Structures are given as C-alpha cells and as structure tokens.
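Listed below, chain by chain, are the residues.
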Amino acid sequence: MDDPTVTVSMEGDVATVTLNRPAARNALSKETADALIDRFESVADSDARCVVLEGAGPAFCAGGDIDAMLEGIDNDQPPAERVELVVSALHEAIRTVHSCPLPVVAKIDGPAFGAGAGLALACDLQVASTDGQIGFGFRRVGLASDSGVSYFLPRIVGPNKAKELLFTGDLLDAETAHELGLFTRVFDAETFESEVSALVDDIASGPTVALGHAKRLVNRSLDSSLEQALENEAAAQGVAFTTDDHEEGATAFVEKRDPEFKGQ
C-alpha cells in the first residue's frame, strides 16, 4: 500500500506500531483493523522485545469509522452483515493485540475514544501524556460497547463504575483516568517522549521469555482458580528455568551487578 493505515518501525529492540489515519483521527475501519492484525503478527515473529502502539497526529484513536457506519445505513446493509464485516474484524484485532507474546505499551498523547479506548485497554500498559484522554462514548452514536470494553473496563474500575462510564460517555482527562487505573502512568507533555522511551527501553531490556510468560499468567488468571493459576505458574517457571536470561539473572544477583539480558 502506498499509504498504509498502520505502519511499523523498528528501533533497537522496540517495534512501534502506528495507526496512520491522522485526518480521520485514526478511526478504526475494517481495513485498519485488518492492517493492525497483520502488523502485530509480523512484530510477534520479529526480533522485537517490546511493542509500542501509538496514533499519528493529535489523537490515539477516535474509535469506529463513522463514515463507514453511515455508509452501511445509507445502503440498507443488514446489521448482521455490518457485524461480520466491521465488528468481527475489529474484535480479531483486539484479540491479536491482547494476545501478543511481547509486552505492548499503548502510548496515548490525545483522545482514546470508544473502540479506540478498547484498543488501548487491550494493551498491557496505558501510558499517557497530560494531554491524553479516554472515554467510552458508544452511546453518542447509539451503540452498545464493543472492542472488548465490556471485558476490560469492569475488571479495571469495577462493574458499577464501568456502567457509569458507558451510560454517560464521559471523556476523562489523564489525571482522572490515572486515578481510576485506566492509565498506568501519566507524564508531563513536555517530557512525554523521553519518559516513554526510557520506560519502553527498560521493558525491552528485560528477560523477554519470562516477561512473556508473566503476561500470559496475568491474562489467564482473570478466568482461573487459584489452583489453576499455581499450575500455570509452575509450568511457566519450568520454561523460564531453561533460558540463558535466568542463568544471567541469577549470576548477576550473586555477583551484585545489573544483569544483561539477551531476551533468550
């Protein structure tokens, strides 16, 4: 594509996936969702050790593509067909981002709205500037929630607060979102780029295999009993014990120095 809707760039061990529709505030069309899936699958098979997901221009992601919605209405497209063509693709993108074996950091420097908020929550960390915002305003276009919001949101803020945010469609500023746990960190707009880079570089320098298992363990714990979680942890440690990074970490600890993990 001459003008891809989603781009990927590599710098060292970090892959940056960029929603690249700034004129549309990075709205999620079917084409964008399909491209997002493709880019994340390619990153998962690369040498990257951490992924940053960002939006080009002043917005992280404004949600679903309203123009596409209106086109479906104007063409009397059956609702089931709209779900199959658009929502299903978007949901597959959410699954792909959430299940990426690498740590994924949502870099939010502007609004993450509706489906865009769901996409942000599908990431492992939501790091925002003081200009960042998040809202679940599906009601504004007469829709229920999608993009995993009904799964992620109540697990972060509780069911009653989740319903309030969906009922009102309020757009939350960075400080409020941080207080609710929707943003894991907030940095001043002037230092945002350098602060995010430092955080991401720190994650990318970690024991990649172990961090990947830690991510899966937390994700699976949401639907697991304690006994199952303990079994999952034992299996994960069995794998981690075989890595060079475990040997390096244990050796460095004894030698009282910082470990130099290689990601394997």
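Here, every reference points to the structure presented above.
Now for a look at the structure at hand. (Residues numbered from 1 in each chain as written. Predicted model: local features only at pLDDT ≥ 70, side-chain atom pairs only at ≥ 80, totals over all residues. Heavy atoms only, no water.)

Empty space within the second largest pocket amounts to approximately 340 Å³. Lining the second largest pocket are 17 residues, and of these H98, C123, D124, V218 and N219 sit closest to its centre. Residue assignment for the lining of the second largest pocket shows that the elements contributing at least two residues are α4 (115-122), α5 (149-157) and α9 (208-221). Taken together, the residues that form the lining of the second largest pocket break down as 9 nonpolar, 5 polar and 3 charged. (1 Å grid on protein atoms, 1.4 Å probe; cavity = no way out; pocket = protein on both sides within 12 Å on 5 of 7 lines; lining within 4 Å. Points joined across faces, edges and corners; volume = space filled by probe spheres on them. Helix = DSSP H or I, 4+ residues; strand = E, 2+ residues; numbered from the N terminus. Nonpolar A, V, L, I, M, F, W, Y, C, P; charged D, E, K, R; others polar.)

Inspection of the entire model under this criterion finds 11 salt bridges. For K30, the salt bridge goes to D34, with nearest N and O atoms at 2.7 Å. One end of the pair is K30 and the other is D34, both in helix α1 (residues 30-44) and 4 residues apart, which spans about a single turn. By relative accessible area, K30 is classed as partly exposed at 30%. Between D38 and R39 there is a salt bridge, with the nearest N and O atoms lying 2.6 Å from each other. Of the residues examined, R39 reaches a relative accessible area of 14% and is grouped as buried. Overlapping salt bridges, with partners in common, bring together E54, K107 and E193 in one network. (Salt bridge = Lys/Arg side-chain N within 4 Å of Asp/Glu carboxyl O. Buried < 20%, exposed > 50% of the residue type's maximum accessible area, 1.4 Å probe, protein only.)

What follows covers α5. Among all positions in α5, only V149, F152, L153 and V157 are buried. Angularly, the buried residues of α5 cover 95° about the axis, an arc narrow enough to put them on a single face. (Arc of directions from axis to C-beta.)

This part is about the environment of I108. Along the polypeptide, I108 turns up in strand β4 (residues 104-108). On a C-alpha basis, the gap between I108 and L199 in space is 14 Å, while along the polypeptide they are 91 residues apart. Leaving out residues up to four positions away in the same chain, I108 has contacts with F60, A120, Q126, V127, A128, S129, G132, Q133, F183 and F192. (Contact = heavy atoms within 4.5 Å.)

So yeah, pure geometry; function would need other evidence.
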